2 protein chains.
Amino acid sequence: MTRVSCPLLRSRLSTAEEAAALIKPGDNVGMSGFTGAGYPKAVPTALARRITEAHERGEDFRVGLWTGASTAPEADGVLAEAHGIGTRLPYNSDPTLRALINAGEVDYVDTHLSHSAPQMWFGFYGRLNVAVVEVTAALPDGLLVPSSSIGNNKTWLDQADAVILEVNHWQPREFEGFHDVYYGTALPPHRRPLNLVDPMERIGEPYLRVDPQKVVAVVETNAPDRNSPFDPPGEASRAIAAHLLDFLRHEVVAGRMPPQLLPLQSGVGNVANAVLAGLDGSEFSGLVAYTEVLQDAMLDLLDSGTLRAASATSFGLSDTGVQRFMENIDAYKGRILLRSEEISNHPELVRRLGVIAMNGMIEADIYGNVNSTHVMGSAIMNGIGGSGDFTRNAYLNFFLSPSTAKDGAISTIVPMVSHVDHTEHDVHVIVTEQGLADLRGLSPTDRADRIIANCAHPDFRDRLTDYVARAKASRPTARHTPHLLDEALSWHQRYLDTGHM
Amino acid sequence: MTRVSCPLLRSRLSTAEEAAALIKPGDNVGMSGFTGAGYPKAVPTALARRITEAHERGEDFRVGLWTGASTAPEADGVLAEAHGIGTRLPYNSDPTLRALINAGEVDYVDTHLSHSAPQMWFGFYGRLNVAVVEVTAALPDGLLVPSSSIGNNKTWLDQADAVILEVNHWQPREFEGFHDVYYGTALPPHRRPLNLVDPMERIGEPYLRVDPQKVVAVVETNAPDRNSPFDPPGEASRAIAAHLLDFLRHEVVAGRMPPQLLPLQSGVGNVANAVLAGLDGSEFSGLVAYTEVLQDAMLDLLDSGTLRAASATSFGLSDTGVQRFMENIDAYKGRILLRSEEISNHPELVRRLGVIAMNGMIEADIYGNVNSTHVMGSAIMNGIGGSGDFTRNAYLNFFLSPSTAKDGAISTIVPMVSHVDHTEHDVHVIVTEQGLADLRGLSPTDRADRIIANCAHPDFRDRLTDYVARAKASRPTARHTPHLLDEALSWHQRYLDTGHM
């Protein structure tokens, strides 16, 4: 059965190759895709072939690639392999592309996700030439049933000069009704309040709009998203989760948190997964998520009633997750909503709802600054994503990581982080498998005492304590945030030189 | 004529000494005051005397001091001289107290101003024992006419166990009607949208409320605020202002900004003052300010019509400014509003209104990270204040500073900032007297090229270029943000060692 019911759009049915031929060297291309879900499956590969052929002819051919967040090997991967990307924003986690960024070949603009759509609309990134957006179906009137993620699709469809749609038959047709696309945004000074006070409130429409006259090609596909299930949480992750849950209980008892907590935001990854698994076995119930990605683990929580509902911008479900979703779809109706990432991550809403933000980190320093993006100061890992949107505006925020990496060669608690993504002014709680440091209302030196005592691995604790003591002694009139500037980053340099901090 | 018309409050009339006697060792004290305006003038001095006497008796006596922002010698200053402050938040600029913080004697919790009232209410800082709040008058029904700043007064009055009022006859009685105190805040999950879409919209009441039963003392005073006029802008400040104004013109021409710009936020200081003076002589008119402090320079703009109106949380007026204000008070009615700092700095509103944020800085690095708070990494200068609230949520943000300090011994453009308050993900435009670097949509290495070429002082430019080149060469697989970790902070260390970077 066709999923392209709009006659005008049907008249644009094309092959991926025909569609890719409409993208020119130097174009900025806005693709769908958020965390391995809802990215275009066919046009990027065809475009990559075109680019490779152009390169073989000695022609320059690179595009600016803008997305919701990370995509998959069939999008970022193939274009990176073809050396077809000049500029990339707002987020990447593809290993091939990461290598090109770190080689200095690709310009990567690592952006707060809530800023990406508005700043594009402001004109800060230049013109968007083409949008390539996966959808689930195109209805007779031209409205589009979104796919497994929304991300920045609304803005790309609105702002692009030309639009290529991929209609993916693999995506459940039953997605219709699971989306809430807000069309009330405006440029200042014409912006209005976002009238959402409950995470599950609908403020938009179930469909994406597109001007059919702008649609230059419609490509039908039938290909899965890339998400794979997470491994069961390891020992460190489970310990981190246990510390965090104990702390939440403590906050409820202290009257600083309602028994049903506040809306949960959870990053993606093994530690976040362990937290969700921990919640599932806990006494908490009737919780709600206001987050970016709905992972398999959240289906468990929805099934058990631990989670009453979840708002996100992406289904980050594995194959089995999608099967489970389909089998129980009626149970999820009205309990899951996908929104544009400018809404899922909006500071106004994150602050109003009082979100509890839980995100992983690469490292934290003794004064509470957090590095989420850079390995040893220079090489990008993935990007800041939504962690800044949620952390800054959260009621309470957590950063989670094992206390060591690389089999103990790296301490994730260091004298000074090699890159700052979340400042000492922003970070509330740091958790490792060693314990939890509640930094609220503490001065930098009190934070240092607590982080070293509670979070650092015993192998590194004494050296951190010694660092603070010598830093305090070195400059008696500079003891607010005592540092030895010629030693602050020496742990990282030592790792680069010797393989051990 | 009395300014304490409420009979119950009249019955509480006390001397400053009687009032100060109600404050106990270890109390957390929430005082009024924002940028040298509206702080209590008598009770802190009486408290400082009490503390000194206790110390002379060998007794421990320190309090936690919470304010709106900075105060003055008669508040922070006297309490610091008495060694009477244990913990201080959310902001300080008093030199005596700064020295104690940097000596490690006082715990300073340097906090985003928009976070201070909500986090206090959440219980993150502990109990507030006493509020000491200056007001202009107490009306018969107990409502309070606010003083020359609002800051966190609403929250302190609401949350404190006991309240001491100072009624200052020096403050113009005509302030009545110039304030808009919003009483719609709530703890999550009960928060609602802030229904403000124009900077001058009233969403609150002209008065502060207090439960008269909590008022333990009312002290009458007659003492001026401390603000002094700024010096006329120097050459570097005027050059910075000129670059910034040129850029705003350019943005208007490019269609990225309306001809009347967007609401302006401006930090306090010489450079900010130069920008305001520059605007006053420009073709711009009908502008509006959504900012923290209404300085003398803004009266000029209001008088000339360059500014149609201004919302702030504090009158940072000099004596002559107050005189001018009083002489033209009818012309300012309805064109000036003071709000609580949680509203003046609220992310929801800053983002919605599309504020243009202009703040000073201590230093920026070549990749666009900004240090607003720390001198050579360890010693606090003032604090982050509202710069993070505005920068992160602004439509467009600027950081302004001369390219050198200490007669050229310090470059304000460095390889790596010694402390990060605003990350590379947040900063749009850096301006020095050398020029302006528009960083929007640029990768870190492109930012470096532009900052070095446009903003760095020629004396340091080649060494910065050399740093980037050697950093790129040192690790060919880590070129996203190329750093030499053993050299990144060497400029600061060299300054500490030799007095020159």
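Rules and cut-offs
- Along each chain, residue indices are assigned from 1 in the same order as the chain's sequence is written.
- By the order in which they are written, chains take letters starting at A while ligands take numbers starting at 1.
- Totals for whole chains, interfaces and linings use all residues, but because this is a predicted model, local features are given only for residues with pLDDT of at least 70 and pairs of side-chain atoms are given and counted only at 80 or more.
- Excluded from the side-chain calculations are hydrogens and water; all other atoms, namely the structure's heavy atoms, are used.
- A helix here means a DSSP run of H or I that spans at least four residues, while a strand means a run of E at least two residues long, and both kinds are numbered starting from the N terminus.
- Throughout, radius of gyration means the C-alpha value; the globule benchmark is 2.2 Å times the number of residues raised to the power 0.38.
- Exposure is judged per residue with a 1.4 Å probe applied to protein chains only, and the accessible area is read against the type maximum: over 50% gives exposed, under 20% gives buried, and values in between give partly exposed.
- Note on contacts: a residue pair qualifies if any of its non-hydrogen atoms lie within 4.5 Å across the two residues.
- Each accessible area value is a Shrake-Rupley result obtained with a 1.4 Å probe; residue values ignore everything except the protein chains displayed when judging cover.
- Neither His nor the chain ends contribute to the count of charged residues, in which Lys and Arg are positive and Asp and Glu negative.
- Taken as the charge location is NZ of Lys, CZ of Arg, CG of Asp or CD of Glu.
- Axis geometry follows a simple rule: fit a line to the C-alpha atoms, using only the stretch in contact for helices, then measure angles between N-to-C directions, giving values from 0 to 180 degrees.
- In this scheme, roughly parallel covers angles under 35 degrees and roughly antiparallel covers those over 145, while 65 to 115 is roughly perpendicular and the rest are oblique.
- Here a crossing is taken to be left-handed if its near helix is turned anticlockwise relative to the far helix by less than a right angle, and right-handed if that turn runs clockwise.
- Residues are grouped as follows: Ala, Val, Leu, Ile, Met, Phe, Trp, Tyr, Cys and Pro are nonpolar; Asp, Glu, Lys and Arg are charged; every other residue, Gly included, is polar.
- By nonpolar core is meant a set of buried Ala, Val, Leu, Ile, Met, Phe, Trp, Tyr and Cys residues that side-chain atoms within 4.5 Å join together.
- Just so you know, the domain bounds were taken from an automatic or database domain assignment.
- Computed with a 1.4 Å rolling probe, the buried area is the accessible surface lost when two parts are put together, summed over both parts.
- We define a salt bridge as a contact between a side-chain nitrogen of Lys or Arg and a carboxyl oxygen of Asp or Glu at a distance within 4 Å.
- Superposition of the copies was done by least squares, using only C-alpha atoms of residues whose pLDDT is at least 70 in both.
- We treat two strands as partners when DSSP finds at least two bridges between them.
- Counting of polar contacts relies on pairs of N or O atoms within 3.5 Å, with two restrictions inside protein: one atom must be capable of donating a hydrogen and the other of accepting it, and residues adjacent in sequence are counted only when both atoms are side-chain atoms.
- Per-residue confidence from the predictor is reported as pLDDT, a score between 0 and 100.
- Stacked, edge-to-face and tilted are the three classes for Phe, Tyr and Trp ring pairs, Trp counted by its six-membered ring, which pair at centre distances within 6.5 Å; planes under 30 degrees apart are stacked, over 60 edge-to-face, the rest tilted.
- UniProt positions are given in the numbering used here, feature names are shortened, and annotations may be inferred rather than shown by experiment.

Enquirer: A description of the overall build of chain A should follow, citing residues and the corresponding values.
Expert: For chain A, the helix and strand inventory stands at 18 helices and 26 strands. At 23 Å, chain A has a C-alpha radius of gyration in line with the 23 Å of a compact globule built from 501 residues. Along the longest, intermediate and shortest principal axes, the C-alpha atoms of chain A span 75 × 55 × 45 Å. For chain A, with 501 residues in total, the buried portion stands at 66%. In chain A, of all internal contacts separated by at least 6 residues, the share reaching a separation of at least 24 is 74%. Summed over all atoms, the accessible surface of chain A reaches about 15500 Å², with 50% contributed by carbon and sulfur. Here chain A holds 42 positive side-chain charges and 61 negative ones, and the gap between their average locations is 5 Å.

Enquirer: Lay out the packing of helix H16 (residues 444–454) of chain B against helix H17 (residues 458–474) of chain B with the relevant residues and their values.
Expert: All names here are of chain B. Remark: H16 packs on H17, axes separated minimally by 9 Å, with the N-to-C direction vectors making an angle of 165°. Our classification of the angle between H16 and H17 gives roughly antiparallel. With respect to the hand of their crossing, H16 and H17 are arranged in left-handed fashion. Contacts between H16 and H17 involve Thr 445, Ala 448, Ile 452 and Ala 453 on the former and, on the latter, Arg 461, Leu 464, Thr 465, Val 468 and Lys 472. Of the residues belonging to the contact of H16 with H17, the class tally is five nonpolar, two polar and two charged.

Enquirer: Give me the nonpolar core: which residues, what numbers.
Expert: One finds Phe 325 and Phe 398 of chain A together with Leu 165, Phe 325 and Phe 398 of chain B to be the most contacted residues of the largest nonpolar core, which totals 150 residues. Those residues in contact with Phe 398 of chain B that sit more than four places away from it in its chain are Leu 244, Phe 247, Leu 248, Ile 356, Ala 357, Met 358, Asn 359, Val 429, Val 431 and Leu 436 of chain B. Within the second largest apolar cluster, 70 residues are counted, among which are Tyr 367 of chain A together with Ala 364, Met 376 and Ala 456 of chain B.

Enquirer: So, the domain arrangement of chain A: which residues are in play, and what are the values?
Expert: Residue and element names in this part refer to chain A. The assigned domain composition of chain A is domain 1 (7–221) and domain 2 (235–497). Placing the centre of domain 1 and that of domain 2 at their C-alpha centroids yields a distance of 29 Å. Contact with domain 1, which involves 51 residues of that partner, is made by 50 residues of domain 2. With both sides pooled, the region where domain 1 packs onto domain 2 buries about 3900 Å², and carbon together with sulfur makes up 62% of that total. One salt bridge in this structure joins Asp 180 and Arg 339, with 3.0 Å as the shortest N-O distance.

Enquirer: For the relation of the copies chain A and chain B, give the residues involved together with the corresponding values.
Expert: Between chain A and chain B, the superposition needs a rotation of 180° and an axial shift of 0.0 Å, giving an RMSD of 0.0 Å. Such a combination of rotation and displacement between the chain copies is what one expects of a two-fold axis. Among all residues of chain A, the one whose C-alpha sits closest to the rotation axis is Glu 348 of chain A, at a distance of 2.2 Å. Most of the interface of chain A is mirrored in chain B: 100% of its interface residues are interface residues there too.

Enquirer: Explain the sheet that holds strand S18 (residues 370–371) of chain B to me, using residue names and the numbers behind them.
Expert: All names here are of chain B. Here three strands make up an open sheet; going across it, the order is S18-S17-S24 and the pairing mixed. At either end of the open sheet lies a strand with only one pairing partner, and these are S18 and strand S24 (413–414). Where strand S17 (residues 363–365) lies against S24, two bridges are found, and the strand directions are parallel. Each bridged residue has a counterpart across the sheet, and for Ala 364 the counterpart in S24 is Ile 413.

Enquirer: Describe the sheet that holds strand S17 (residues 363–365) of chain A, with residues and values.
Expert: Residues and elements named next belong to chain A. Reading across from one edge, S18-S17-S24 is the order of the three strands in this open sheet, with mixed pairing throughout. Looking at which strands have only one partner, the edges of the open sheet turn out to be strand S18 (370–371) and strand S24 (413–414). Relative to S18, S17 runs antiparallel, the two sharing two bridges. Bridging across to S18, Ala 364 finds its partner in Val 370.

Enquirer: Now, about helix H6 (residues 113–122) of chain B: what can you tell me, with residues and values included?
Expert: Side chains of residues three or four places apart in an α-helix project in the same direction, reflecting 3.6 residues per turn. All names here are of chain B. Among the 10 residues of H6, nine are classified as buried, and the element is accordingly described as predominantly covered. Among all positions in H6, only Leu 113, Ser 114, His 115, Ser 116, Ala 117, Pro 118, Gln 119, Met 120 and Phe 122 are buried. Gly 123 occupies a position one or two residues after H6 and carries a positive phi of about 90°.

Enquirer: With reference to specific residues and values, describe the interface of chain A and chain B.
Expert: Chain A puts 83 residues into the contact, and the matching count from chain B is 83 residues. Summed over both sides, the interface of chain A with chain B buries roughly 7000 Å², with 54% coming from carbon and sulfur. Considering only the side of chain A, the residues that lose the most area to chain B are Arg 351, Arg 392 and His 425 of chain A, jointly responsible for 12% of the buried surface there. For the pair chain A and chain B, the number of links is two salt bridges. Where Glu 348 of chain B meets Arg 352 of chain A, a salt bridge forms, and the shortest distance between an N and an O atom there is 3.1 Å. Listed by contribution, the elements that provide at least two residues to the side of chain A that touches chain B are helix H5 (95–102), strand S4 (107–108), helix H6 (113–122), helix H14 (347–353), strand S20 (379–380), helix H15 (387–393), helix H16 (444–454) and helix H18 (490–498) of chain A. Class assignment for the residues of the side of chain A that touches chain B results in 34 nonpolar, 31 polar and 18 charged.

Enquirer: Please give an account of the side chain of Glu 424 of chain B that cites residues and values.
Expert: Along the chain, Glu 424 of chain B falls in the loop between S24 and strand S25 (429–432). By relative accessible area, which is 5% here, Glu 424 of chain B ends up buried. Engagement of the side chain of Glu 424 of chain B in a polar contact is seen with the side chain of Arg 447 of chain B, the distance being 2.7 Å. Discounting chain neighbours no more than four positions away, the residues touching Glu 424 of chain B are His 374 and His 419 of chain A together with Tyr 367, Gly 368, Asn 369, Pro 444 and Arg 447 of chain B.

Enquirer: Can you explain the pattern of salt bridges? Please cite residues and give values.
Expert: Residue and element names in this part refer to chain B. Under the counting rule described, the total for this entry stands at 52 salt bridges over all chains. A salt bridge links Lys 41 to Asp 225; the nearest nitrogen and oxygen atoms lie 2.8 Å apart. Taken together, the residues span a long stretch of sequence, with Lys 41 in the loop between strand S1 (28–31) and helix H3 (43–56) and Asp 225 in the loop between strand S9 (215–221) and helix H8 (235–253) at a distance of 184 residues. Asp 225 shares its class with Lys 41; the two are buried.

Enquirer: I'd love a proper account of the confidence of the model for chain A, names of residues and values included.
Expert: Detailed reading of the predicted model is not advised wherever pLDDT is low. Of the residues in chain A, 100% have a pLDDT of 70 or more, and the chain-wide mean is 96. For this predicted complex, the interface score ipTM comes out at 0.98, alongside a pTM of 0.98.

Enquirer: Can you break down the packing of aromatic side chains residue by residue, with the values?
Expert: Taken as a whole and judged by the stated rule, the model has 24 aromatic pairs over all chains. When the ring of Phe 460 of chain B is compared with that of Trp 491 of chain B, the centres are 5.9 Å apart and the planes differ by 35°; the resulting orientation is tilted. Here Trp 491 of chain B lies in helix H18 (residues 490–498) and Phe 460 of chain B lies in helix H17, a separation of 31 residues in the sequence. Residue classification places Trp 491 of chain B among the buried positions, given a relative accessible area of 2%. Connected via pairs of aromatic rings, a cluster forms that spans Phe 175, Phe 178, Phe 315, Phe 325 and Tyr 332 of chain A.

Enquirer: Residues and numbers for the packing of helix H8 (residues 235–253) of chain A against helix H9 (residues 270–280) of chain A, please.
Expert: Residue and element names in this part refer to chain A. The geometry of H8 relative to H9 is characterised by a closest axis approach of 8 Å and an angle of 55° between their N-to-C directions. Taken together, the axis directions place H8 and H9 in an arrangement best described as oblique. Handedness of the crossing formed by H8 with H9: right-handed. The segment H8 lies against H9, with Ser 237, Arg 238, Ile 240, Ala 241, Leu 244 and Leu 245 engaging Asn 270, Val 271, Ala 274, Val 275, Gly 278 and Leu 279. A breakdown of the residues in the contact of H8 with H9 according to their chemical character gives eight nonpolar, three polar and one charged.

Enquirer: Would you mind going over the UniProt feature "domain: Acetyl-CoA hydrolase/transferase C-terminal" (unreviewed entry) in chain A in detail, with residue names and values included?
Expert: Those places that UniProt annotates as "domain: Acetyl-CoA hydrolase/transferase C-terminal" (unreviewed entry) correspond, in this numbering, to residues 321–467 of chain A. Between the C-alpha atoms that bound residues 321–467 of chain A the distance is 47 Å, and the span itself is 34% helix and 25% strand.

Enquirer: Lay out the side chain of Thr 313 of chain B with the relevant residues and their values.
Expert: Residues and elements named next belong to chain B. Here Thr 313 is to be found in the loop between strand S13 (307–312) and strand S14 (314–316). At a separation of 2.5 Å, a polar atom in the side chain of Thr 313 contacts the main-chain carbonyl oxygen of Arg 339. Ignoring anything within four residues of it in the chain, the contact list for Thr 313 reads Phe 34, Ser 149, Ile 150, Gly 151, Thr 291, Glu 292, Leu 338, Arg 339, Ser 340, Glu 341 and Ser 344.

Enquirer: For unusual backbone geometry, give the residues involved together with the corresponding values.
Expert: Residue and element names in this part refer to chain A. Between Pro 188 and the following residue, Pro 189, the backbone shows a cis peptide bond with an omega angle of 15°. With respect to the helices, strands and loops of the structure, Pro 189 is situated in the loop between strand S8 (179–180) and strand S9 (215–221). At Lys 406, a position not held by glycine, the phi torsion is positive, near 50°. Turning to its location among the elements, Lys 406 is positioned in the loop between strand S22 (404–405) and strand S23 (410–411).

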